[in-house]
Amino acid sequence: MEIITKPKEMQAWSEAARCRGETIAFVPTMGFLHEGHLTLMREGRKRASLLTSSLFVNPTQFGPNEDFARYPRNFDGDCAMMRTVPVDALFAPAPETMYPPGSQTWVEVTELTQGLCGAHRPGHFRGVTTVVAKLFNIVKPHYALFGEKDFQQLRAIQRMVVDLNFDLEIIPVQTVREPDGLAMSSRNAYLSPDERRKALALNCALRAADALYRSGQRNVEELERAARQVLESTPGVAIQYVSAVDAETLERPLAPERPIVVAIAAHVGATRLIDNMILGR
Ligand code: PAF
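Below is a summary of the structure that appears in this document.

About the criteria used
Residues numbered from 1 in each chain as written. Predicted model: local features only at pLDDT ≥ 70, side-chain atom pairs only at ≥ 80, totals over all residues. Heavy atoms only, no water. Core = buried A, V, L, I, M, F, W, Y, C linked by side-chain atoms within 4.5 Å. Buried < 20%, exposed > 50% of the residue type's maximum accessible area, 1.4 Å probe, protein only. Contact = heavy atoms within 4.5 Å. Helix = DSSP H or I, 4+ residues; strand = E, 2+ residues; numbered from the N terminus. Pairing = 2+ DSSP bridges. Disulfide = S-S within 2.5 Å. Axes fitted to C-alpha atoms, helices over the stretch in contact; angles between N-to-C directions. Parallel < 35°, antiparallel > 145°, perpendicular 65-115°, else oblique. Left-handed = near helix turned anticlockwise from the far one by under 90°. Nonpolar A, V, L, I, M, F, W, Y, C, P; charged D, E, K, R; others polar.

**Quick notes on the nonpolar core**
Link 1 in the chain: Counting 46 residues, the largest nonpolar core has Phe-136, Ile-157, Met-160 and Ile-170 as its most contacted members.
Link 2 in the chain: In this structure, Ile-157 is in contact with Val-128, Val-132, Phe-136, Phe-146 and Ile-170, ignoring residues within four places of it in sequence.
Link 3 in the chain: Within the second largest apolar cluster, 24 residues are counted, among which are Leu-202, Ala-205, Ala-227 and Ile-264.

And the structure:
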């Protein structure tokens, strides 16, 4: 695996590959990899002749009181995991390379990022779409793979790709879960054993909403209520939001027969976790 730290070198690597007729899949990450990332990478391997990834803990997507400084990092461990896939080239820039002095251009998807996490993390999605747009311009992939766990992020990036005419295809990949149902996340590393047990409430809440949906319930408030009940009955879990919305627009009202996504953000102890489920899938 080649490790590249400079945008010009990464662009040259990808240009040369494209000239040889190769296709390039790309999995952007903030590191501290888990099976969810590896699943995206394996899917990328199947799609294209070359697989690239990036490792960059992006400061602009963290709020001033969020966990940027303590976000878990393990560069050598991540590289070892990427080599098992294998990844052909890793782009791992320094923060000052991505945001040199004088940087002042932002990419913002305005409507899809208003609700859900966007309402609680001002500036977060602007940071995500800006860095992802930069990474697309640097890595020049044909395919980019994103997990559905960050569902609003996925929708915002899909919108950005259409709106800004990026010449690539976004491949969504279903959330990878631990055997007991907890969605995989680098932030699960923050949980104590007791919090880890309580965190299961998020998946249980989504399954409660899904069971109600499968029994015929289509009223979104009722679906939210079913999920809320599970979370509220778990001590140590503090709900930030529970929302059942149109899975395309992330808004209400829903047009009849449109897929519904139930999205949850909750604190388990000091750790903020998110999860979601497309009902009836
Ligand atoms: O999902 C993530 O890990 C990050 O938001 C991403 C897409 C790598 C951008 O920093």
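There's more to say after this.
**Quick word on the pairing of strand β7 (residues 237–246)**
Link 1 in the chain: Taken across its 10 residues, β7 has seven buried, putting it largely inside the fold.
Link 2 in the chain: One ladder, built from nine bridges, connects β7 with strand β8 (residues 260–268); its direction is antiparallel. Looking at the pairing, Tyr-241 lines up with Ala-265 of β8.

**Remarks on the state of the cysteines**
Link 1 in the chain: Evaluated as defined, the whole model comprises zero disulfides.
Link 2 in the chain: With no disulfide partner, Cys-117 has as its closest neighbouring cysteine sulfur the one in Cys-204, 20 Å distant.
Link 3 in the chain: The class for Cys-117 is buried, based on a relative accessible area of 7%.

**Focus: the sheet that holds strand β6 (residues 169–173)**
Picture the strands of a sheet paired through backbone hydrogen bonds; they go either parallel or antiparallel.
Link 1 in the chain: Spatially, the six strands line up as an open sheet ordered β1-β4-β3-β2-β5-β6, and their pairing is parallel. Edge positions in the open sheet fall to β1 (2–4) and β6, since each of these has one partner strand only. Direction aside, the axes of adjacent strands within the sheet are offset by 25° on average.
Link 2 in the chain: Pairing geometry for strand β3 (residues 50–55) and strand β4 (residues 89–91), over three bridges, is parallel.

**Topic: the sheet that holds β7**
Link 1 in the chain: What the three strands build is an open sheet, ordered β7-β8-β9; its pairing is antiparallel. Only two strands of the sheet have a single neighbouring strand rather than two, namely β7 and β9 (271–278). When the angles between neighbouring strand axes are averaged without regard to direction, this sheet yields 15°.
Link 2 in the chain: Relative to β9, β8 runs antiparallel, the two sharing eight bridges. Within β9, the residue paired with Ala-265 across the bridge is Ile-274.
Link 3 in the chain: Across the face of the sheet, helix α9 (residues 200–214) comes into contact with β7, β8 and β9 while running at roughly 20° to β9.

**What to know about the packing of α9 against helix α10 (residues 220–232)**
Link 1 in the chain: Where α9 contacts α10, the two axes come as close as 8 Å, and the packing angle between them is 150°. Taken together, α9 and α10 sit at an angle that is classed as roughly antiparallel. The handedness of the crossing between α9 and α10 comes out as right-handed. Contacts from Ala-201, Leu-202, Cys-204, Ala-205, Ala-208, Ala-209, Leu-212 and Tyr-213 of α9 reach α10 at Glu-222, Leu-223, Ala-226, Ala-227, Val-230 and Leu-231.
Link 2 in the chain: By residue class, the composition of the contact of α9 with α10 is 13 nonpolar, no polar and one charged.

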